Amino acid sequence: MMVLLRHLLGDVLRRLRQRQGRTLREVSADARVSLGYLSEVERGQKEASSELLSSICGALGVPLSQVLREVSDQLALAELQEAALLGDPVTSDPVPAQDLGIESVPDRVPQVADMAGV
């Protein structure tokens, strides 16, 4: 059974909205997304574009990076659970950067102030 990214993303967005005590109607209005479409995204029935995700995250007051981090964490857990069910060994060996097409990995992640020239 493969976990679909859109289902995880929808779950994370729904949880964030509900934690804020907000309705679909409120968030859809703030994000300028139709109520029906936002509902389908939350239920994992529609793939959200990056622009749509940015708008929804803006309406929720949550950085897109935080949403993607939560989705990534959920995906990692699902992969571990799936591997355990299938009896597959889970490798923890990192993929070399050059295998990913990355020439070098920075010593540190640039901070927003670095990028803004501050």
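Data block above holds the structure.
Residues numbered from 1 in each chain as written. Predicted model: local features only at pLDDT ≥ 70, side-chain atom pairs only at ≥ 80, totals over all residues. Heavy atoms only, no water.

Caption draft 1: Representation of the overall build of the protein within the structure. In terms of regular secondary structure, the protein is built from six helices and zero strands. Written out in order from the N terminus, the α and β elements of the protein read α-α-α-α-α-α. The burial tally for the protein puts 26% of its 118 residues in the buried class. Long-range contacts, defined as pairs at least 24 residues apart, comprise 64% of the intrachain contacts of the protein with a sequence gap of at least 6. In the structure as shown, the protein presents an accessible area of about 8400 Å², 55% of it carried by carbon and sulfur atoms. (Helix = DSSP H or I, 4+ residues; strand = E, 2+ residues; numbered from the N terminus. Buried < 20%, exposed > 50% of the residue type's maximum accessible area, 1.4 Å probe, protein only. Contact = heavy atoms within 4.5 Å. Areas by Shrake-Rupley, 256 points an atom, 1.4 Å probe, with all protein chains shown as cover.)

Caption draft 2: Quick look at helix α4 (residues 50-60). By the burial criterion, the buried members of α4 are L52, L53, I56, C57, A59 and L60. What you see down the axis of α4 is that its buried residues fit within an arc of 160 degrees, all on one side. Facing away from the buried side of α4, by more than 90 degrees, are the exposed residues S50, E51 and G58. On its buried face, α4 sits against α1 (5-19), α2 (24-31), α3 (35-42) and α5 (64-86). Of the residues trailing α4, G61 is marked for its positive phi of about 70 degrees. (Arc of directions from axis to C-beta.)

Caption draft 3: The nonpolar core, seen in detail. L13, I56, L60 and V67 are the most contacted members of the largest nonpolar core, which has 20 residues in total. When residues in this core are grouped by element, the largest group, six residues, is from α4. If near-sequence neighbours (up to four positions away) are discounted, I56 is found in contact with L13, A31 and L38. (Core = buried A, V, L, I, M, F, W, Y, C linked by side-chain atoms within 4.5 Å.)

Caption draft 4: Quick look at α5. When the terminal C-alpha atoms of α5 are compared, their 33 Å separation across 23 residues agrees well with the 33 Å that a helix rising 1.5 Å per residue should span. Inspection of α5 places V67, E70, V71, A78 and A83 among the buried residues, and these make up the whole buried set. Among the structural elements, α1 and α4 are those in contact with the buried residues of α5. Trailing α5 by a residue or two, G87 shows a phi angle of about 75 degrees, which is positive. (Expected span 1.5 Å × (residues − 1).)

Caption draft 5: Main features of the pattern of salt bridges. As enumerated under the stated definition, the model contains five salt bridges in all. E47 is the partner of R6 in a salt bridge, and the nearest nitrogen-oxygen pair spans 3.6 Å. One end of the pair, R6, is in helix α1; the other, E47, is in the loop between α3 and α4, with 41 residues separating them in the sequence. Note that E42 is salt-bridged to R14, the shortest N-O span being 3.8 Å. Taken together, the residues E42 in helix α3 and R14 in helix α1 connect sequence positions 28 residues apart. In this structure, a network of salt bridges that share partners links the residues D11, R14, R17 and E42. (Salt bridge = Lys/Arg side-chain N within 4 Å of Asp/Glu carboxyl O.)

Caption draft 6: A look at the side chain of R17. Among the structural elements, R17 can be located in helix α1. Within polar-contact distance, the side chain of R17 engages the backbone oxygen of R22 at 2.9 Å. (Polar contact = N/O pair within 3.5 Å; in protein donor to acceptor, adjacent residues only side chain to side chain.)

Note that all results are geometric; they support no functional claim without further evidence.
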